[in-house]
Amino acid sequence: GARPCFTPAWGDCRCSPAPDPPAPPAIECWAISYPQAVNCSWAAEPELLLETDYIATYRHGLWGATGSGECVRTGPHSCSFGNIQMFSLSPYVLNVTAVNPLGTASHLLPFLVEDIIKPDPPEDLRVSPIPGETKKLLLEWSPPGSWPFPEYFPLKYCIRYARDKGSSPQMIGPYEQTSFTLTGLRPGTLHHIQVAAKDFTDYGEFSAWSRPASGTPWMEL
């Protein structure tokens, strides 16, 4: 139905929408630095006319929680918590409550930490020609800096590459190393490359693609 509105006392027929109580926030959680921390964020409603505060807490276990605490704010609509219990069959539950002068609304998000592993994109992608090789490019990159222990919790990588001027990208991988030689390329042609990372054990999701880097195979002078 129609929303009520405020009519000024002096009888002006123009009116503005009345403020609403908050709606339950839409929450996302990802373990970008597994197993150190879980990072969560929530969407703020753009139409809210009243200033809205958010309270974020977590607990471990749906009932009879074995641990709970504050999800420490990392921004106006984000928070993070640590002390993760790995491979627990009890879910963690994030509770974000929106509060404004007209009311409160909460959203509970249960998850198993291994299901929400999602690394940040790989960093520092470098593309180099290989002397004497007219159809190859050497790719090198670094694990995301937010992934704390790549030697103990390795990542695997997919590569996406395409020729300049609108050819369809090709995807290869996953590979365990942080370098790779692309072969069978068209000589003298600029290629655009990106890399994505995923937990080696296949838990969770692939990262977003890295920033693109470009290169042309070696050409004889």
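Everything discussed here concerns the structure shown above.
Just so it is clear, the model here is predicted, and its values are computed rather than measured.

What counts as what
Residues numbered from 1 in each chain as written. Predicted model: local features only at pLDDT ≥ 70, side-chain atom pairs only at ≥ 80, totals over all residues. Heavy atoms only, no water. Helix = DSSP H or I, 4+ residues; strand = E, 2+ residues; numbered from the N terminus. Buried < 20%, exposed > 50% of the residue type's maximum accessible area, 1.4 Å probe, protein only. Contact = heavy atoms within 4.5 Å. Areas by Shrake-Rupley, 256 points an atom, 1.4 Å probe, with all protein chains shown as cover. Pairing = 2+ DSSP bridges. Axes fitted to C-alpha atoms, helices over the stretch in contact; angles between N-to-C directions. Disulfide = S-S within 2.5 Å. Polar contact = N/O pair within 3.5 Å; in protein donor to acceptor, adjacent residues only side chain to side chain. Core = buried A, V, L, I, M, F, W, Y, C linked by side-chain atoms within 4.5 Å.

### Some remarks on the overall build of the protein chain
- Broken down by element type, the protein chain carries 0 helices and 17 strands.
- Out of the 221 residues in the protein chain, the part that is buried amounts to 34%.
- Taking the intrachain contacts of the protein chain between residues at least 6 apart in sequence as the baseline, contacts between residues at least 24 apart amount to 60%.
- On the protein chain, roughly 12,600 Å² of surface is accessible, and the fraction owed to carbon and sulfur atoms is 54%.

### Let's talk about the sheet that holds strand 13 (residues 155-163)
- Within the open sheet, the 4 strands sit side by side as 14-13-16-17. Their pairing is antiparallel. Each edge of the open sheet is held by one strand with a lone partner, namely strand 14 (170-175) and strand 17 (213-215). The average undirected angle you get between the axes of adjacent strands in this sheet is 25°.
- The sheet contact formed by strand 16 (residues 191-199) and strand 17 spans 3 bridges and is antiparallel. Pairing of His-191 across the sheet is with Gly-215, part of strand 17.

### Some remarks on the state of the cysteines
- Taken as a whole and assessed by the stated rule, the structure comprises 2 disulfides.
- What pairs with Cys-71 in a disulfide is Cys-79, and their sulfur atoms sit 2.1 Å apart. Disulfide Cys-71-Cys-79: the torsion about the S-S bond is 90°, which places it as right-handed. The exposure classification of Cys-71 matches that of Cys-79, with both residues buried.

### Looking at the sheet that holds strand 12 (residues 133-142)
- Taken in spatial order, the 3 strands make up an open sheet running 11-12-15, and their pairing is antiparallel. Single-partner strands in this sheet number two, and they are strand 11 (123-130) and strand 15 (179-182). Across the sheet, the mean angle from the axis of one strand to that of its neighbour is 20°, orientation sign disregarded.

### Re the environment of Val-96
- Inspection of the secondary structure puts Val-96 in strand 9 (residues 92-100).
- A relative accessible area of 0% places Val-96 in the buried class.
- A C-alpha to C-alpha distance of 6.7 Å links Val-96 and Leu-108, two positions 12 residues apart in sequence.
- Those residues in contact with Val-96, other than ones at most four positions away along the chain, are Pro-25, Ile-27, Trp-42, Tyr-54, Ile-55, Ala-56, Ala-105, Ser-106 and His-107.

### Some points on the pairing of strand 3 (residues 26-33)
- One ladder, built from 6 bridges, connects strand 3 with strand 4 (residues 37-43); its direction is antiparallel. Bridge pairing links Ser-33 to Ala-37 in strand 4.
- Here strand 3 hands over to strand 4 after 3 residues, the two strands then running antiparallel side by side.

### Topic: the side chain of Lys-198
- Here Lys-198 shows up in strand 16.
- On the basis of relative accessibility, which here comes to 11%, the residue Lys-198 falls in the buried class.
- One polar contact links Lys-198 to Asp-202, side chain to side chain, over a distance of 3.1 Å.
- For Lys-198, the residues in contact, after removing those within four places along its chain, are Pro-119, Pro-154, Leu-155, Lys-156, Tyr-203, Gly-204, Glu-205 and Phe-206.

### What about the nonpolar core?
- Among the nonpolar cores identified, the biggest contains 40 residues, and Val-38, Phe-81, Leu-94, Phe-111 and Ile-193 are the most heavily contacted of them.
- Non-local contacts of Ile-193, meaning those with residues more than four positions away in its chain, are made with Leu-125, Val-127, Leu-137, Leu-139, Ile-159, Arg-160, Tyr-161, Leu-182, Arg-211, Pro-212 and Ala-213.

### Quick look at the environment of Ile-159
- For Ile-159, the position within the fold is in strand 13.
- Filtering out sequence-adjacent residues up to four positions away, Ile-159 remains in contact with Leu-139, Trp-141, Gln-170, Met-171, Ile-172, Tyr-175, Phe-180, Ile-193, Gln-194, Val-195 and Trp-209.

### A look at the side chain of Ser-33
- Checked against the element boundaries, Ser-33 lands in strand 3.
- Apart from the residues within four sequence positions on either side, Ser-33 is in contact with Asn-39, Ser-146 and Pro-148.

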